[in-house]
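Residues per chain are reported as follows:
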Amino acid sequence: MSKEYILEISNLSVSYGGIKAVKDISFAVPKGEVVTLIGANGAGKSSTLRAIVGLEKPAAGSIKFAGEELAGLSTDAIVEKGITLVPEGRRVFPNLTVLENLKIGAYMRKDDLNKDIEWVCDLFPRLKERSWQKAGTLSGGEQQMLAIGRALMSKPSVIMMDEPSLGLAPIVVQGVFDIIKEINRQGVTILLVEQNANMALKAADQAYVMETGRITMSGTGTELLENDDIKAAYLGKSKK
């Protein structure tokens, strides 16, 4: 059975001044799957996500969502179509409560939010317990939960996450990845950028390796986990 691709990136390039951060990459995200981009710092992973959601203007290439071209649209228009980004560093609003942060995630919506606030609080019981607490007083893990919950409030078809495990304790990282899998089970397609290659590949249906702005390898998460070059470069294991 052929896959339905919800997001198709073709020959995408992103430049900052004279520096080409993303160099003519192409990949596709099947509907309902978890796709991950792994690679070292500066490989172009975050720039790729920012271009997809309209925060960076591509120098060249095509970004199609459900067959419709996104390149050139505003970020608001892209979010409204059903793509949202959980940025690196969480970026919660520290002086607003948890509940206020969640409502900001739904700023494009005109319908009733209560059902989705309830859904997010079921996914993240800690947020329910702390709904009236200011976001700046939460732990790093709780802030990451809030950032993901806020993104879900726009009811996206595709949620993109940029380094969701960054700076978190190992036990908290496991919890974040459990939530990623649960969100996916509930029908949301996920595009994940992550330096924790081991966790990312275990969660991924499909994976791509980025190095210096290019995609250098691809395969299923399982295939890349078992690849000796990947083990040596990203998983801290020596080649056999």
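Because the structure is a prediction, the values reported are computed rather than measured.

Side note on the pattern of salt bridges
And then number 1: Inspection of the entire model under this criterion finds seven salt bridges.
And then number 2: Where Glu56 meets Arg50, a salt bridge forms, and the shortest distance between an N and an O atom there is 3.0 Å.
And then number 3: Glu142 serves as the salt-bridge partner of Arg130, at 3.2 Å between the closest nitrogen and oxygen. A residue pair is termed long-range when its members are at least 10 positions apart, and Arg130 in the loop between helix H5 (125-129) and helix H6 (140-152) and Glu142 in helix H6 qualify at 12 residues.
And then number 4: Under the relative-accessibility criterion, Glu142 is labelled buried at 5%.
And then number 5: The network of salt bridges with shared partners includes Arg126, Glu129, Arg130 and Glu142.

Remarks on the environment of Asp24
And then number 1: Mapping Asp24 onto the fold places it in strand S2 (residues 19-30).
And then number 2: For Asp24, a relative accessible area of 45% puts it in the partly exposed group.
And then number 3: Setting aside chain neighbours within four positions, we find Asp24 in contact with Asn11, Leu12 and Ser13.

What counts and how
Residues numbered from 1 in each chain as written. Predicted model: local features only at pLDDT ≥ 70, side-chain atom pairs only at ≥ 80, totals over all residues. Heavy atoms only, no water. Salt bridge = Lys/Arg side-chain N within 4 Å of Asp/Glu carboxyl O. Helix = DSSP H or I, 4+ residues; strand = E, 2+ residues; numbered from the N terminus. Buried < 20%, exposed > 50% of the residue type's maximum accessible area, 1.4 Å probe, protein only. Contact = heavy atoms within 4.5 Å.

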